[in-house]
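What the coordinates show
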Amino acid sequence: MTTSDLDLARESYRQISLYAPDREPCAIDLSDNTNLWGVPPSALAALREVRGEAVTRYPPLYADDLKRALASYIGCGATAANVVTGCGSDDVLDSAIRAFAEPGDSIAYPDPSFGMIPIFARMNGLRPVPVPLTSSFDIDAEAMVATRARIIYICSPNNPTGAAAPAAAIAHIIKNAWGVVLIDEAYAEFARASSVELAMRGRGTIVVRTMSKAFGLAGLRVGYAVGPHELVGEVEKSRGPYKVGALAGRAALAALDNDLAWVRERVDLAVDQCEELAGALRKMGFAPLPSAANFVLVPVASAAAMARAMRAAGVAVRPFADLPGIGDALRITVGPPVMMDACLSALTEAASC
Ligand SMILES: *Cc1c(COP(=O)(O)O)cnc(C)c1O
């Protein structure tokens with residue numbers, strides 16, 4: 001009997017396809033919600049000062065200095081023992097799912113929300129349970145709790161819709177969840193709201209954050225989670241040692257020590273541009289969803305065709321096909337006014353095709 005090499009792989013993995021969205025270079029890239037206002041200056045300086053030893057030796061096992069700096073940034077009484085870091089928040093989410101659920105358990109999440117969650121669910125042998133948003137594009141707290149899932153994932157502000165979850169909905173889920181609640185706050189800096197304080201009070205909740213978005217360090221891959229020590233410690237076991245590279249760790253520390261004002265200023269600019277962009281889109285006859293993040297979701301007739309035409313005009317945006325309750329839509333990251341002008345021209349051109 002002959003077996004192909006593929007037969008030797010885990011059966012459930014064969015149905016998972018590689019995450020590979022269109023990332024062809026484009027003059028103006030508004031497709032991934034990163035900080036388009038540049039790099040925190042102290043982080044860049046730290047990278048330039050790196051010496052050979054930082055590269056030949058292993059980095060700190062669990063990035064204790066970085067955890068201390070993150071705890072002080074987060075506030076709410078958090079200490080290093082309440083923080084776990086990772087190779088991007090993707091790694092932290094994956095590790096948390098593995099730490100809190102056995103294969104065969106279920107994970108509930110709003111639909112639409114962050115596209116990696118059903119993928120991480122299946123990679124860890126979990127049953128994905130998507131829960132539709134309400135008609136006003138909010139999370140359906142009752143329905144989420146009613147799943148009795150081992151893990152409830154919520155994303156606030158939600159990617160790709162942009163809405164922050166109402167505080168009452170979050171509180172309801174935390175109070176009534178059967179298992180662990182993971183709150184993804186990749187865009188919390190833009191919303192100027194956070195559930196960290198709730199998580200720190202206990203009751204099975206951790207908040208997952210990243211330095212990829214507001215902090216402008218996506219290329220370095222630094223994510224983290226904060227919550228009760230008992231939960232965070234389990235995620236740390238699951239993620240394993242050496243997940244934050246030496247260069248990434250140093251640059252992230254430098255940004256937390258010296259660049260917070262820089263970050264705050266760019267967040268303010270992004271929030272202003274988000275309102276501007278939504279206003280301009282409404283004037284053009286579109287109906288963008290309200291956003292508390294640094295991106296706007298715009299329903300359109302045919303997202304793939306529009307995104308292709310915009311790309312031909314030098315602007316990359318992220319198309320979504322047939323989102324539940326929304327239909328086709330484009331997700332546009334906000335950036336400096338020149339980029340927004342180019343985006344609106346490309347959109348006008350694409351819409352007239
Ligand atoms: C971008 C994003 C992440 C992933 O960020 P990394 O830290 O770069 O892995 C996580 N969650 C959401 C909702 C995101 O949009």
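Above: the structure in question.
About the cut-offs
- Residues numbered from 1 in each chain as written.
- Predicted model: local features only at pLDDT ≥ 70, side-chain atom pairs only at ≥ 80, totals over all residues.
- Heavy atoms only, no water.
- Patch = residues over 30% accessible without salt bridge, like charges linked within 9 Å, V, L, I, M, F, W, Y side chains within 5 Å.
- Areas by Shrake-Rupley, 256 points an atom, 1.4 Å probe, with all protein chains shown as cover.
- Salt bridge = Lys/Arg side-chain N within 4 Å of Asp/Glu carboxyl O.
- Helix = DSSP H or I, 4+ residues; strand = E, 2+ residues; numbered from the N terminus.
- Buried < 20%, exposed > 50% of the residue type's maximum accessible area, 1.4 Å probe, protein only.
- 1 Å grid on protein atoms, 1.4 Å probe; cavity = no way out; pocket = protein on both sides within 12 Å on 5 of 7 lines; lining within 4 Å.
- Points joined across faces, edges and corners; volume = space filled by probe spheres on them.
- Nonpolar A, V, L, I, M, F, W, Y, C, P; charged D, E, K, R; others polar.
- Core = buried A, V, L, I, M, F, W, Y, C linked by side-chain atoms within 4.5 Å.
- Contact = heavy atoms within 4.5 Å.
- Near = heavy atom within 4 Å.
- Polar contact = N/O pair within 3.5 Å; in protein donor to acceptor, adjacent residues only side chain to side chain.
- Sits in = over half its atoms within 2 Å of the grid points.
- Pairing = 2+ DSSP bridges.
- Axes fitted to C-alpha atoms, helices over the stretch in contact; angles between N-to-C directions.

A cluster of nonpolar side chains, contributed by Tyr 58, Leu 61 and Tyr 242, occupies part of the molecular surface with about 350 Å² of accessible area. Mapped onto the elements, Leu 61 comes out in the loop between helix 3 (52–56) and helix 4 (64–74). On the basis of relative accessibility, which here comes to 44%, the residue Leu 61 falls in the partly exposed class.

The subject of this paragraph is the layout of surface pockets. Of the voids in this model, the largest pocket is the one considered here, and its volume is about 750 Å³. If you trace the largest pocket, you find 36 residues lining it, with Tyr 19, Phe 114, Met 116, Asn 159 and Arg 318 closest to the centre. Looking at the lining of the largest pocket, the elements that each hand over two or more residues are helix 5 (88–100), strand 3 (106–111), helix 6 (116–123) and strand 11 (318–323). Residue classes in the lining of the largest pocket are distributed as 17 nonpolar, 10 polar and nine charged.

To continue, consider the nonpolar core. Counting residues in each nonpolar core, the largest one holds 80 residues, and the members touching the most others are Leu 30, Ile 154, Ile 173, Met 211, Met 310 and Leu 330. Each residue touching Ile 154, except ones within four places of it in the same chain, is listed here: Pro 110, Ile 139, Met 144, Ile 170, Ile 173, Val 181, Leu 182, Ile 183 and Asp 184. Among the nonpolar cores identified, the runner-up in size contains 28 residues, and Ile 16, Val 92, Ile 107 and Val 232 belong to it.

Okay, the site of the ligand next. Taken together, 13 residues are adjacent to the ligand, and Ser 89, Tyr 187, Thr 210, Ser 212 and Lys 213 come closest. Lys 213 has a polar side-chain atom sitting 3.1 Å from an oxygen atom of the ligand. When each cavity is represented as a set of grid points, the ligand is found to reside in the largest pocket. Broken down by element, the shell around the ligand gets its largest block of residues, three residues, from helix 5. The residue inventory of the shell around the ligand, partitioned by class, reads four nonpolar, five polar and four charged.

The next subject is the environment of Ser 31. Structurally, Ser 31 is set in the loop between strand 1 (28–29) and helix 2 (41–48). Taking the C-alpha atoms as reference points, Ser 31 and Ala 246, 215 residues apart in sequence, are found 28 Å from one another. Ser 31 has contacts with Arg 23, Ala 316, Val 317, Arg 318, Arg 331 and Thr 333, leaving out every residue within four places of it along the chain.

Spatially, 9-12-11 is the arrangement adopted by the three strands of the open sheet, whose pairing is antiparallel. Across the chains shown, the open sheet's two edge strands, defined by having one partner strand only, are strand 9 (295–299) and strand 11. Looking at each pair of strands side by side, their axes are set apart by 25° on average, direction ignored. Alignment of strand 11 against strand 12 (residues 327–333), held across four bridges, turns out to be antiparallel. The partner of Arg 318 across the bridge, within strand 12, is Arg 331. Relative to the sheet, helix 13 (residues 260–283) contacts strand 9 and strand 12, its axis offset from that of strand 9 by approximately 15°. Along the sheet, helix 14 (residues 303–312) makes contact with strand 11 and strand 12, crossing strand 12 at roughly 35°.

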